[in-house]
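Structural overview
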Amino acid sequence: MGTDSKEEKKQLHPRNKHRSRYDFSLLVKSCPDLRDFVLVNPYGDESINFADPSAVKMLNKALLAQYYRIKHWDIPENYLCPPIPGRADYIHYLADLLGESNNGVIPTGKSVKVLDIGTGANCIYPIIGHQEYGWTFVGSDVDRGAIQSAENIISANEGLRNAIQIRLQRDPRYIFEGIIKPGESFDMSLCNPPFHASAAEAAEGTQRKLRNLGKPKNVLNFGGQNVELWCKGGELGFIRTMIEESLKFSGQCKWFTTLVSKSSNLPFVYGYAEKAGALHIRTVEMAQGQKISRFVAWSF
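This is a predicted model, so every value here is computed, not measured.

Turning our attention to the sheet that holds strand β5 (residues 164-168). Spatially, β5-β4-β3-β6-β7-β9-β8 is the arrangement adopted by the seven strands of the open sheet, whose pairing is mixed. One side of each edge strand has no neighbouring strand; the edge strands of this open sheet are β5 and β8 (280-288). Ignoring strand direction, the axes of neighbouring strands in this sheet form an average angle of 20°. Across the face of the sheet, helix α4 (residues 84-100) comes into contact with β4 (136-141), β6 (186-191), β7 (253-259), β8 and β9 (291-299) while running at roughly 145° to β8. Contacting β3 (113-117), β6, β7 and β9, helix α9 (residues 234-246) runs over the sheet at an angle of about 175° to β7.

Here it is in structure tokens:
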């Protein structure tokens, strides 16, 4: 963590609780087990080794306890351990999108229903969305292990039990089909799609992250099941399927949204949305440090 990290974090959404540097003394109070992972970096600041999956997981536990009132959170080995500040940004910008069509007032409470496609073992978007805005969620996934883990998190935290439902997508060819029930309606959907086109490409992405962190090649520190990291056709193929299928459910969901990791994919995404007949197409950019991410939203 460099000396400019304080400035970088100010690029997060104004309502994001993680804009200032991590206060490790505060976080250790919320999660005493984090103490074993805190070290002093070359700049003289308290930090953790972000290349150590156990340290990152413990940091997440502390952040969820301190800022989101989640006392019990865990994920099995080899599942994605998400960076919480970036996940929170997506939720806050989605709240702004809902507010724009509600006279500038962000709708809160359980009447706001959100669908999280590929919720994962960590269940992170429903947790943040419910704890920040009171929204209710349906989370879907094709992986039974992820489903079980998400359900374990929900059942272990009383405040989540009546707010989040998890549904298994039994046919991985579909995204909304089999998940959105007849007569059911959502204010929006969100998705963090698999972004690689093959297992080999996903492995190279992991090695690249390791090199950036100065770790040896044989350290497998970034979790992720195959379905979390890659799919046939990669990110673009997944989003194309999502957009084409969204037309069928256009009367049951006001806004469909997805993260798009590669800016070079944007023209194709716009083309698919236009071809599907979307009346409104929006891109919202989010800056997390030096990394720019974005989501595309479309509605019929």
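Next comes the rest of the account.
The next thing to look at is empty space enclosed by the protein. In the structure shown here, the tally under the stated rule is one cavity of 30 Å³ or more. Here the largest cavity is characterised by a volume of approximately 40 Å³. Looking at side-chain class alone, the lining of the largest cavity contains three nonpolar, two polar and two charged residues.

Okay, helix α6 (residues 144-156) next. For α6, with 13 residues, the first-to-last C-alpha span of 18 Å sits near the 18 Å given by 1.5 Å per residue. Along α6, the residues classified as buried are Ala146, Ile147, Ser149, Ala150, Ile153 and Ile154. Taken around the axis of α6, the buried residues stretch over an arc of 165°, which confines them to a single face. On its buried face, α6 sits against α5 (124-133), β4 and β5. The N-cap of α6, judged by a side-chain oxygen 2.9 Å from the amide nitrogen of Gly145 a few residues on, is Asp143.

Rules used in this analysis
Residues numbered from 1 in each chain as written. Predicted model: local features only at pLDDT ≥ 70, side-chain atom pairs only at ≥ 80, totals over all residues. Heavy atoms only, no water. Pairing = 2+ DSSP bridges. Helix = DSSP H or I, 4+ residues; strand = E, 2+ residues; numbered from the N terminus. Axes fitted to C-alpha atoms, helices over the stretch in contact; angles between N-to-C directions. Contact = heavy atoms within 4.5 Å. 1 Å grid on protein atoms, 1.4 Å probe; cavity = no way out; pocket = protein on both sides within 12 Å on 5 of 7 lines; lining within 4 Å. Points joined across faces, edges and corners; volume = space filled by probe spheres on them. Nonpolar A, V, L, I, M, F, W, Y, C, P; charged D, E, K, R; others polar. Expected span 1.5 Å × (residues − 1). Buried < 20%, exposed > 50% of the residue type's maximum accessible area, 1.4 Å probe, protein only. Arc of directions from axis to C-beta. Polar contact = N/O pair within 3.5 Å; in protein donor to acceptor, adjacent residues only side chain to side chain.

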